[in-house]
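Here are the chains, one letter per residue:
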Amino acid sequence: MINATRHLLGDSRTYLRIFYLLLAFPLGVIYFVVIVAGLSSGLGLAIVIVGFPILILTLICWLFFARIERELAIHLLGVNVRPMALLDLTRLTPWQRLLKALRDPVTWKSLAYVLIEFPFGIFSFTLVVVLLSLSVSFALSPIVYIALNGLSRQFPSSFPSQSSGDFPGPLLGPVVTINGHIDLAVVIAFVVISAIGVVMTVASLALLNGTGLLWGRFAEMMLGVDESRLHLADAIAEAEVQRARADRADQGRRELIVSASHELRTPVASISAHVESLLKPGRDMDEETRKYLTVVAAETDRLGSLVDDVLALARAEADELHLDIRPVEVSALLDQVCEALAPLARRERNLSLVHSSVPGMANAMADRDRLGQVLTNLIRNAVNHTPDGGIVSVDATQFGDRVLITVSDTGIGIEPADVERIFDRFYRTDTSRARATGGSGLGLAIVRDLLTAMGGSIAAESTPGQGSVFRVSLARETA
Ligand code: ADP
């Protein structure tokens, strides 16, 4: 109890809070007058164009008052008010900023706070004045009394009631009796009154301090963003940091893959060239060695195309494709690709590779070489998965603002569960694995990445046992 009293009296914050309680009255009056005058003149003149600037000016003053109050609450009331707005790095025009502020609940809460400050100011001012003057006057009443009686002895004419009688009035008035003894009862009465006054002063200080603290808590609630929003903002900022870190790590990984696969190409090409020269006809070697070398050659080719595929994917991911997108005449490209692949289709599977395009159709917006690579990949897949005697057809048409190219076959088809996954990296269906087509499962992933980079898309449909259809969609050239 004694400690608490000592702490209360010794803490400068107590007096700062009481100072705030006194200050709240003039401030509340100023806020109220400015806001009411601004709103009434602004609304009254709203039909005339000057009304709006007055309203906006009033609003700005209002928000400014709220900011002053926030500072006062922090520095005088000693509360920890959260910021009024969350950090936002987006560039906004003043008008956008005003609209954003109007949509923010903190704005309305702080405006309400500023208005409530007016009645609160009257209340707090009255409370401070009444409590302190009462308790202090109780505490000081003996001193005042003694002083007055002392004065009455020195200036009897001004205090006739105190100085009547034949003898001059005692120095300490009624405290000292006529024969010069101190009246104990009167002294005790003074001490009791004084003690009551001191207790009342301490209690008043405690009450006023508590009122200031309560008002400070109210300011915390009204003048700052909600705690949950602050936590959310912190979480978003943390997520941003983590995302940036993950992006950097991802970028590092992509760069590593690009450089590693780039470096791998040279030794793989060298092995391939050396094995090829070893296998040249006329070289003297036994059958078994030739058999092993043939396997080495085939696997080196496979490794070479795997490295190429990984490099292509890594480049697509790292946006290093350097696409040259321009209008591409699709029918001419189909002629070229199909002409190059027709012998293979005939030789390997005895397949017919047919193609068609709508006469006079629009050009597609694409990188010609990459689109050729996409079509080659799709046609090769179709050839690989179509039994002898089947048909692979490639058709181009135009639909709205898109150019559509369809590669269909009459092959083994794809199970429905696999259709969704064939564009995933390294995904190969069980049938493909069983048939040992030599693929790595990267072809369609590359196709999709290339098309996406060109602003296009791809979708697949298939009926097991009947065949598959791959539809490529690209933007058409605009006139
Ligand atoms: P791969 O290099 O193994 O061919 P892709 O990514 O090109 O890899 O194809 C993924 C899988 O999709 C293949 O393993 C194959 O099972 C299946 N697939 C692709 N095209 C066809 C098709 N035209 N008909 C049947 N299955 C296909």
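Our structure is the block above this text.
Predicted, not measured: the structure shown is a model, and the values here were computed from it.

Reading the values: rules and limits
Residues numbered from 1 in each chain as written. Predicted model: local features only at pLDDT ≥ 70, side-chain atom pairs only at ≥ 80, totals over all residues. Heavy atoms only, no water. Patch = residues over 30% accessible without salt bridge, like charges linked within 9 Å, V, L, I, M, F, W, Y side chains within 5 Å. Areas by Shrake-Rupley, 256 points an atom, 1.4 Å probe, with all protein chains shown as cover. Salt bridge = Lys/Arg side-chain N within 4 Å of Asp/Glu carboxyl O. Helix = DSSP H or I, 4+ residues; strand = E, 2+ residues; numbered from the N terminus. Buried < 20%, exposed > 50% of the residue type's maximum accessible area, 1.4 Å probe, protein only. Phe/Tyr/Trp six-rings, centres within 6.5 Å; stacked < 30°, edge-to-face > 60°. Lys, Arg positive; Asp, Glu negative; His and termini not counted. Charge placed at Lys NZ, Arg CZ, Asp CG, Glu CD.

Chemist: Kindly report on a nonpolar patch on the surface, identifying the contributing residues and their values.
Modeler: Taken together, the side chains of Val130, Leu134, Phe138, Leu184, Ile188, Val192, Ile193 and Ile196 make up a nonpolar region of the molecular surface, amounting to roughly 660 Å² of accessible area. For the nonpolar patch, the secondary-structure elements that each account for two or more residues are helix H5 (105-154) and helix H6 (184-223). In terms of residue count, the dominant contributor to the nonpolar patch is H6 (five residues). A relative accessible area of 32% places Ile193 in the partly exposed class.

Chemist: Quick rundown of the packing of aromatic side chains? Include the residues and the values.
Modeler: Inspection of every chain in the model, using the stated rule, returns nine aromatic pairs. Look at Tyr113 and Trp215: their rings are 5.1 Å apart centre to centre, the planes differ by 35 degrees, and that puts the pair in the tilted class. Of this pair, Tyr113 sits in helix H5 while Trp215 sits in helix H6, and the two are 102 residues apart along the sequence. Overall, the relative accessible area of 7% leaves Trp215 in the buried class. Here the aromatic cluster, defined as three or more aromatic residues joined through ring pairs, consists of Tyr113, Phe120, Phe123, Trp215 and Phe218.

Chemist: Any chance you could break down a negative patch on the surface for me, citing the residues and the numbers?
Modeler: On the surface, Asp284, Asp286, Glu287 and Glu288 cluster together into a negatively charged patch. Within the element layout of this structure, Asp284 appears in the loop between helix H7 (227-278) and helix H8 (287-317). Owing to a relative accessible area of 81%, Asp284 belongs among the exposed residues under this scheme.

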